[in-house]
Each structure stands twice: as C-alpha cells, then as structure tokens.
Amino acid sequence: MNAAIGTRSGLLRDYRVALGELELSRRIGWVRQLQGMAIESQGPDATVGELCRIEPRSRASSSEASQYAQGVLAEVVGLRGGSITLMPYGSMQGVAVGSQVVALGRQSSFGVGPELLGRVIDGFGKAMDQLPDPDIAVQRPLHAAPLNPMQRPRIHKVLQTGVRSLDGLLTLGLGQRVGIFAGSGVGKSTLLGMIARHVVADVNVIALIGERGREVREFIDKQLGAEGLRRSIVVVATSDQPALARIRAAHAAVTIAEYFRDAGKQVLLTMDSITRLAMARREVGLAAGEPPTARGYTPSVFAELPQLCERCGTAPSGGSITALLTVLVEGDDMNEPIADSLRSILDGHIVLSRHLAHEGQYPAIDVLRSASRLLPDLTTREDQELISDAIKCLALLDRNRQLVDIGAYEKGANPELDRALLLAPDLQLWLRQHEGGISRAESMQRLREVLWAGRAASTPVATAQAGLVRGTP
C-alpha cells in the first residue's frame, strides 16, 4: 500500500513539473516593417531587453522551412507606442512582413564555469575551436549590476605584466581599469598578446570585439600561443556579425570574468576593442530612435561605457578583475568622443605612439602621455624617485629633440640635458622589449643601473647584482 502511494506521489510530482514547463499561453506579435537591421513589430507585450523569437513564414518552401526552423533570435531595444523595435543576433534571412514574433519571457543570460578555460567561444557560449560546445550548468545574467562601491577593497597589490615600461614607469595594480589608446596598426594586439602570455594572474579573459576574421586565428596562434591559451578564455565576435552579437560578446566576457573573480581568482580582462563596442551600441541606439550626438554616438553609448567598466575591479571575495581595454582612436585623435569619455572613467591610460613605432621602438608606449592613477599607492618612495628621474630625462629629451637634431645645441650649455643625452641610449634600450616575462624587480634594478650608476654602485644590492650585463634588451 505504502509503495503504491509513493509511486502515485512520484507520478504526480513529475506531472506537476511537466505541467510547469508547458507553454500554456504565448505573447505574440507580427513583423510590420524592416528598416536596415531594425525590425518593427506590432506586439508582443514585451519589455526592453527581453528576448524574442521571430518564426519563419508558414508558406516558405520545405527547404527554407528546415533551414530557418529555429527562427531568428532577437532582442527588444525600443518601444514606440503600440509597436516594438527589435534587433537580431544573427542573419535576418527568412524574416518577412507578417512573420510571427514570440516573446520568450527571459532576459539574456550566459553559462559560466571552469570548463571554459582554454576554449574559444562566441557570445552565446558556442565553440569556435572545432571542439564540442562547453557543457555548462551555471547561468548568470548577462547584464549584472556593479558592486556597491563601499564593498570594494582598495587596490594595494601590483600587477606584473612582464613589460618593463609598464611595470616600471606605469605601475598597475590588481583590479585597476586601464585603457590602451592607439590608432590602427601601432601594435595594440601584439602588446596584449605579450601581456597575456606573461602576466601574473590566475585567469585571462580575452574579448575580441569586431575583429577581422583573419586576425582572430593569428592572435591566438601567434600572439597568445598554446601556453597563454591554457589559462585563457577567448570570446570572439567578428566584424561581420550584427551589432547585438558584438555587444553580447563584450558583456559575456565581463560575465565570465565576474564568475572567476567571485571565486577568489585574480582575473585579467582584455578587450580589443571597446571602441567597436561603442560603435555597435551606436548602431542599436540609432535604430531604436535615439538622437545622435558627438560624431553620431547616441546617449546610450556614454551610459553603457561606465556601467561596463564599473563591473570590473576588486571584490569582497579577494578576487579582482584587472581590465585592459584597447581604444581605437580615429585618425590618431586622442580627443575624439569615446577616447575622451574613457579617460575620465578609467584608472589610467596607456598611449601607443605611431611616431615611436616608426622609430622602431616596441612596445611603442609614449610614457610622457600615459598615466597610472594608482602608481603613488603601489610604489615605494625610492621607486617614485627613480620613476620621476626617468620621466624628467625623457621629457627633457623630448623638449630639445629638434634643437639637438639640427645641431644647434652646444655641449655644456645645459648640464641636465648633457646628462639626459648621455643616458639616452641605455634608457631607450630599456624601453625597447621584444619578449615579455621580465619581473618587476629585475626591471627596476636595470633602470637603477641606467640612471643611478654611481649611486647604485655603492649599495649592497648593486654589488650583489653586478653580474647583470649592461645593454641587454
């Protein structure tokens, strides 16, 4: 008797679960107009950000019906009176006036977990590395709220990137958010690859947003390498994908980074580039009817950038997200709207100079135009004095470059410039670096030897490290 009652109870429970999963009612609408990548629909009753599925026309041929059986996934981006504006995540092939629009009743989410390590995926978590799709059970909202500012621990640990000029003169901290500003072809991706291979962090999350398809494989094989990929997760949205797919990939990368940060890991998030994210958001904003402002960027662009950046940083778990976001400046104009906005949001900026790149300096970091706002909190008094001396030498050389080049300067006229000219060859050699992985302590010691040779020679540390070869890049 008890067994029979237990069996019936189990069946009823299964029926209740199955009944709860049934779609007893649907909120539907119909496509009324298509304009560019924007789809205007009469209904359904949906909220902004809700996902919808646009189903194919019933009178399509059998081959087309099988091809578009899953429909087109789209997101509500605007509301206009009795109609809604949607933008698709994929191709709009099969969408026609009169196509049915079904509200799915959920906001965007993303699957996260350690199974993603070493994988190359798209903005939906699908594999792009010719391996099976990652089997992920944990789902997190794609647009999570930033942490309470009062719950964020202060940044007090140095991030070692393995790049001398960054670790020495532009010291970064774990949890800092920094922009890498440069025009096209100056070496942003190469610098990111060097950092990703040698940075002292637990997990690398790399977002390639709006990249050319050729560059994706090239970056993974050449810049990142097998060693860097093992502890990395690469999220890719190429330039041919719709704007919403590019935006989703950027937020997916931040969502993955948040998962590992909440688990107490030190995460390095690199995004190439956040400018293309802004361009994608501009496309969506214009389609939703927003007014264009500076260079056509809509107000939602300047609202989304700080929201995305504020999701990075330190957390009570002890983990952190250090963000390196590349900013593609149009026409090498460092004051264009996106670059100007991000400088005010981020905790520092690294400027890559085309002029230095043409002179053969790699990485082409313009130290005089770059800044780390946390450098005073992360360095000792001696390090700050050393960094200040190096900056003064570089500034003096930069100011008098033309005077020296045309031969108008006479030696002895300015003792400080004479010293800077004497130190210039070794200082330039210190700034150049073809391979990463150099510790910060070694970088700073080498800089002391360049700038303070007489002073360092009398210290026990310099005596113990006298075997370092002067002039080794």
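Our focus in this paragraph is the nonpolar core. Among soluble globular proteins, nonpolar side chains are generally buried collectively. If you look at the biggest cluster of nonpolar residues, it comprises 58 residues, and the most contacted ones within it are Leu 169, Val 234 and Leu 451. What Val 234 contacts, discounting residues up to four positions off in sequence, is Arg 119, Val 120, Ile 121, Ile 206, Leu 208, Ile 220, Leu 224 and Leu 229. Formed by 56 residues, the second largest nonpolar core is a distinct cluster that contains Ile 274, Ala 280, Leu 305 and Leu 325.

Moving on, we come to the packing of aromatic side chains. All chains considered together, the criterion is met by three aromatic pairs. Relative to Phe 124, the ring of Tyr 89 has its centre 5.2 Å away and its plane inclined at 85 degrees; by these criteria the two rings are edge-to-face. Of the two residues, Tyr 89 sits in the loop between strand E5 (83-88) and strand E6 (100-103) while Phe 124 sits in the loop between strand E8 (120-121) and strand E9 (138-141), which places them 35 residues apart along the sequence. Among the residues examined, Phe 124 registers a relative accessible area of 32% and is labelled partly exposed. When the ring of Tyr 259 is compared with that of Phe 260, the centres are 5.2 Å apart and the planes differ by 80 degrees; the resulting orientation is edge-to-face. In this arrangement the basic side chain of Arg 248 is found over the ring face of Tyr 89, its NZ or CZ atom lying 5.7 Å from the centre.

Another aspect to go through is helix H15 (residues 440-451). Here H15 spans 16 Å end to end across twelve residues, near enough to the 16 Å set by a 1.5 Å rise per residue. Extensive coverage of H15 is indicated by the burial of ten of its twelve residues. Of the positions making up H15, those classed as buried are Arg 440, Ser 443, Met 444, Gln 445, Arg 446, Leu 447, Arg 448, Glu 449, Val 450 and Leu 451.

Turning our attention to the packing of helix H7 (residues 274-287) against helix H8 (residues 299-310). When two helices pack together, their arrangement is given by the angle between their axes and by how far apart the axes lie. In the contact formed by H7 and H8, the axes pass within 9 Å of each other and the chain directions differ by 135 degrees. Considering their axes alone, H7 and H8 lie oblique with respect to each other. H8 is crossed by H7, and the crossing has right-handed handedness. Across the interface between the two elements, Ile 274, Leu 277, Ala 278, Arg 281, Arg 282 and Gly 285 from H7 touch Ser 300, Val 301, Glu 304, Leu 305, Leu 308 and Cys 309 from H8. For the contact of H7 with H8, the per-class residue count stands at seven nonpolar, two polar and three charged.

Turning to the sheet that holds E5, a few remarks are in order. Read around the closed barrel, the six strands follow the order E1-E2-E5-E4-E3-E6; overall the barrel is antiparallel. Neighbouring strand axes in the sheet, compared pairwise and without regard to direction, differ in orientation by 45 degrees on average. As judged from the four bridges shared by strand E3 (residues 51-54) and strand E4 (residues 72-80), these two strands associate in the antiparallel manner. When the sheet's bridge partners are listed, Ile 54 is paired in E4 with Val 72. Lying over the sheet, H7 contacts strand E2 (38-42), E4 and E5, oriented at roughly 155 degrees with respect to E5.

On to the pairing of strand E18 (residues 348-351). Both faces of E18 are covered, namely the face carrying Gly 348 and Ile 350 and the face carrying His 349 and Val 351. Across three bridges, strand E12 (residues 177-182) lies against E18 in parallel orientation. Considered in E18, the bridge of Gly 179 is made with His 349. When E18 meets strand E19 (residues 371-372), the two strands line up antiparallel, connected through two bridges. Paired with His 349 across the strands is Ala 371, a residue of E19.

With that out of the way, let us pick up the pattern of salt bridges. One side chain can pair with another of opposite charge once the charged atoms of both are near each other. For the coordinates displayed, the defined rule picks out 24 salt bridges. Between Asp 383 and Arg 440 there is a salt bridge, with the nearest N and O atoms lying 3.5 Å from each other. Of this pair, Asp 383 sits in helix H12 (residues 381-399) while Arg 440 sits in helix H15; the two residues are 57 residues apart in sequence, bridging distant segments of the chain. In this pair, the class of Asp 383 matches that of Arg 440, namely buried. Salt-bridge contacts for Asp 389 lead to Arg 419; the nearest nitrogen and oxygen are separated by 3.1 Å. Taken together, the residues Asp 389 in helix H12 and Arg 419 in helix H14 (residues 415-431) connect sequence positions 30 residues apart. In this structure Asp 389 comes out as buried when scored by relative accessible area, which is 17%. Overall, Arg 419 belongs to the partly exposed group, its relative accessible area being 33%. Where salt bridges share partners, they join Arg 212, Arg 214, Glu 215 and Glu 218 into one cluster.

It is worth spelling out H12 at this point. Between its first and last C-alpha atoms H12 spans 27 Å; for 19 residues at 1.5 Å apiece the expected length is 27 Å, and the two agree. Considered for burial, the residues of H12 that qualify are Asp 383, Leu 386, Ile 387, Asp 389, Ala 390, Cys 393, Leu 394, Ala 395, Leu 396 and Leu 397.

Any residue range with low pLDDT should be treated as having predicted coordinates unsuitable for detailed reading. Mean pLDDT over the protein: 85, with 90% of residues reaching 70 or higher. By mean pLDDT, helix H17 (residues 460-464) is the weakest element of the protein at 39, and strand E11 (residues 172-173) is the strongest at 94. Note that pLDDT drops below 50 for residues 59-68; the model gives that stretch three contacts with residues more than four away or on any other chain. Every residue in residues 456-473 is under pLDDT 50, and counting partners more than four places away or in other chains gives 21 contacts.

Before going further, it helps to spend a moment on the packing of H14 against H15. Relative orientation of the contacting elements H14 and H15 amounts to 155 degrees, with a least axis distance of 9 Å. By the angle between their axes, H14 is roughly antiparallel relative to H15. In this structure, the crossing between H14 and H15 has a hand that is right-handed. Contacts between H14 and H15 involve Arg 419, Leu 423, Asp 426, Leu 427 and Trp 430 from the former and Ser 443, Arg 446, Leu 447, Val 450 and Leu 451 from the latter. In terms of residue class, the contact of H14 with H15 is made up of six nonpolar, one polar and three charged.

Moving on to the side chain of Asp 122. Mapped onto the secondary structure, Asp 122 falls in the loop between E8 and E9. Within the buried set, Asp 122 has no salt-bridge partner at all; the shortest N-O distance to an opposite charge, 7.0 Å, is to Arg 248. At 2.9 Å, the side chain of Asp 122 forms a polar contact with the backbone nitrogen of Phe 124.

This part is about the environment of Ser 344. Position of Ser 344 among the secondary structure elements: in helix H9 (residues 337-345). Considered as a pair, Ser 344 and Pro 306 are 38 residues apart in the sequence and their alpha carbons are 9.6 Å apart.

Rules used in this analysis
Residues numbered from 1 in each chain as written. Predicted model: local features only at pLDDT ≥ 70, side-chain atom pairs only at ≥ 80, totals over all residues. Heavy atoms only, no water. Core = buried A, V, L, I, M, F, W, Y, C linked by side-chain atoms within 4.5 Å. Buried < 20%, exposed > 50% of the residue type's maximum accessible area, 1.4 Å probe, protein only. Contact = heavy atoms within 4.5 Å. Phe/Tyr/Trp six-rings, centres within 6.5 Å; stacked < 30°, edge-to-face > 60°. Helix = DSSP H or I, 4+ residues; strand = E, 2+ residues; numbered from the N terminus. Lys NZ or Arg CZ within 6 Å of the ring centre and 35° of its normal. Expected span 1.5 Å × (residues − 1). Axes fitted to C-alpha atoms, helices over the stretch in contact; angles between N-to-C directions. Parallel < 35°, antiparallel > 145°, perpendicular 65-115°, else oblique. Left-handed = near helix turned anticlockwise from the far one by under 90°. Nonpolar A, V, L, I, M, F, W, Y, C, P; charged D, E, K, R; others polar. Pairing = 2+ DSSP bridges. Salt bridge = Lys/Arg side-chain N within 4 Å of Asp/Glu carboxyl O. pLDDT = per-residue confidence, 0-100. Lys, Arg positive; Asp, Glu negative; His and termini not counted. Polar contact = N/O pair within 3.5 Å; in protein donor to acceptor, adjacent residues only side chain to side chain.

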